[in-house]
Amino acid sequence: MDTSQDRPNVLVFFTDQQRWDTAGCYGSPMDLTPTLDAMAERGTRLEQCVSSNPVCGPQRASLQTGQYPTECDLHHNLMSGEADSPIEDATTLADAFNDGGYQTGYVGKWHLANTRLEPVPERLRGGYEDYWVAADALEHTSHAYEGTLYDGDCEPVEFEDRYRVDFLTDCAERFLTEERDEDDPFFLFLSHLEPHHQNDRDTYDAPDGYAEEYANPWVPPDLEGRPGDWFEELPDYYGCCRRLDENLARILETLEDEGIADETIVLFTSDHGCHFRTRNWEYKRSCHESSIRVPAVFCGPGFDGGGVVEEVTSLLDVPATLLEAAGLEVPASFQGESVRPLAGERDEANESWTDDALVQVSESAVERTLRTDRWTYSVYDPDGEPIEDPASDEYRERYLYDLRADPHQEVNLVGRDDYRDVADELRERLRARILEYEGRDVDIRDAEYPA
């Protein structure tokens, strides 16, 4: 085991339900993310990064295990009465960092143990050994200005009169300034709940006074003119994003103050986006850009000066990327690939990158999506049970969008004769991806009728 501090530290700043286009570096005119924008200018930005599954629990399981949700047996959010956690025996991202001599710490929302309002026992923490301040269902154990998390001894850690984002950042800073061993590198995962809605109130909660600043917000074109609750919720949603960026600044300043900024890789990303009930009955669980596309920005050793990666990438690639950048072995069970060869100067290795991504959609439908640089092609099992069935052997075409001509996905081209050749090609590419990642040789039937 190599415990030398010549390896970079790794810190993940993770948000929940944050659209990619909330960030200025992705085109937002709202000036919500000056810190993230500066980080993107300095480091590496993934232009087209998509979720492996746009649901909280499955995507988090995928990120921690390096596998698609179906392969780590968590294709839907855990429910009362189910097993504690199907990732308990999996090889995780934290395991790989532990094996490499890293200190591992986790702060915030976990959502992978099904302990709900109770502490997460050590065996269900995914290998995070050295620092733990978290709640399994943070949206149920806290509100914007009060709540409870639990420490490594399962003792309550309570806060009040402190905005939740600020408090979680306090906990991360405590690790950085007081708890870590300066002789060893660290891997710290800071998992915020914001800008996710507050479940029991079914609304978004910005810090006091912030929603008023965005009372007349820019409306993303995919929302404008559609039903949903974006009109009343965008001001608070944007206020949450602004406060997250201010706390990202706090973390980067702490790294500077500790003298470790130049030896720390920082990743900012989210689990999925938000379509504000414009595509189905709630906020995610669909194949659309607003649901699957996320911000993803790296900085630090190996990423500074990397520029913009234009290829389609997946959150499934994040675990392999972080481990490879830290000089550690990627477990054989991990299904993603490191995106580092795509950053900076190009070489022949870039030619092998497959410029598409598989997305597994669950809970709303048994659905599979191929996201390419130009197309979104999605199929589903109309007879499938979205909670009970992780996958199907037979799908039917559901959506086809041309992202160049129709970036806001207003016109579904599925079933049209003039796009049959395109759909046929995408069908075979999607079948190949499903076979590669799920081991299923599936049938995909034509759409029953044109949209």
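Residues numbered from 1 in each chain as written. Predicted model: local features only at pLDDT ≥ 70, side-chain atom pairs only at ≥ 80, totals over all residues. Heavy atoms only, no water.

Engineer: Is there a simple way to explain the sheet that holds strand β13 (residues 356-361) in this structure?
Structural biologist: Consider a sheet: its strands pair through backbone hydrogen bonds, and that pairing is either parallel or antiparallel. An order of β13-β14-β15-β16-β17 is seen for the 5 strands of this open sheet, with the pairing classed as mixed. The sheet is open, and its two borders are formed by β13 and β17 (443-445), each paired with just one other strand. Here the average twist between neighbouring strands, direction ignored, is 30 degrees. Pairing geometry for strand β16 (residues 394-402) and β17, over 3 bridges, is parallel. The residue bridging Glu394 from the neighbouring strand is Asp443, located in β17. Contacts from helix α10 (residues 420-438) reach β13, β14 (367-372), β15 (375-380), β16 and β17 within the one sheet, and its direction differs from that of β14 by about 110 degrees. (Pairing = 2+ DSSP bridges. Helix = DSSP H or I, 4+ residues; strand = E, 2+ residues; numbered from the N terminus. Axes fitted to C-alpha atoms, helices over the stretch in contact; angles between N-to-C directions. Contact = heavy atoms within 4.5 Å.)

Engineer: Explanation requested: the nonpolar core in the structure shown.
Structural biologist: The nonpolar side chains of a soluble globular protein tend to be buried with one another. If you look at the biggest cluster of nonpolar residues, it comprises 90 residues, and the most contacted ones within it are Met39, Phe97, Trp110, Phe187, Leu255 and Leu322. A per-element tally of this core places helix α5 (residues 164-179) first, with 7 residues. With 21 residues, the next largest nonpolar core counts Tyr68, Leu370, Ile434 and Ile444 among its residues. (Core = buried A, V, L, I, M, F, W, Y, C linked by side-chain atoms within 4.5 Å. Buried < 20%, exposed > 50% of the residue type's maximum accessible area, 1.4 Å probe, protein only.)

Engineer: So what exactly am I meant to see when it comes to the state of the cysteines here?
Structural biologist: In a disulfide, the sulfur atoms of two cysteines are covalently bonded to one another. Applying the stated rule across the entire model yields 0 disulfides. Here Cys240 stays unpaired: no disulfide links it, and the sulfur of Cys241, its closest cysteine neighbor, is 6.7 Å away. When its relative accessible area of 1% is taken as the criterion, Cys240 is described as buried. This cysteine, Cys287, is not joined by any disulfide, and Cys274 carries the nearest cysteine sulfur, 16 Å off. The buried category is assigned to Cys287, whose relative accessible area is 1%. (Disulfide = S-S within 2.5 Å.)

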